[in-house]
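Structure assessment
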Amino acid sequence: IYDGDCIFCQNYVRLVRIREAVGPVELIDARSGDPRVERYWREGYDLNEGMLFVKDGRVYHGSDAVNVLAGLSSPVSWFNRLNGAIFSSATASALLYPLLKLGRRATL
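Cut-offs and rules
Residues numbered from 1 in each chain as written. Predicted model: local features only at pLDDT ≥ 70, side-chain atom pairs only at ≥ 80, totals over all residues. Heavy atoms only, no water. Pairing = 2+ DSSP bridges. Helix = DSSP H or I, 4+ residues; strand = E, 2+ residues; numbered from the N terminus. Core = buried A, V, L, I, M, F, W, Y, C linked by side-chain atoms within 4.5 Å. Buried < 20%, exposed > 50% of the residue type's maximum accessible area, 1.4 Å probe, protein only.

Right, let's get into the pairing of strand 1 (residues 52–55). Bridging between strand 1 and strand 2 (residues 58–61) involves four bridges; their strand directions are antiparallel. The partner of Leu52 across the bridge, within strand 2, is His61. Linking strand 1 back to strand 2 in an antiparallel pair, the connection comprises two residues, with Asp56 at a positive phi of about 55 degrees.

With 15 residues, the main nonpolar core has Tyr12, Met51, Phe53, Val66 and Leu69 as its most contacted residues. Put simply, the parts of the chain that give this core at least two residues each are helix 1 (7–16), helix 4 (63–72) and helix 5 (78–87). Considering each element in turn, this core owes the most residues, five residues, to helix 4. Counting seven residues, the second largest nonpolar core, distinct from the first, contains Ile28, Tyr40, Leu47 and Leu52.

Honestly, it's all geometry; don't read function into it.
Right under this line is the structure:
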């Protein structure tokens, strides 16, 4: 689940090319009205603070989502290789994700 109105989020989802690594993936725009989005809000996930990635029933939010996605991505492009090199570390993800959010907020 990502912010479909955010150019950074749109590009991240497009560039990470997760489908090539794991197969079918359902992308849900957080602003789409999909009932699952509301469910995650009720469960306490603030989608203004980060994307969600759900795999095998486990929910990853924000830096954890980016970390898991980086670990699943295949090195099919320069972006995936860079993303994997940086964000496959949980520590790096936790430290850098807030900076990415800050840059996004400043830009938008």
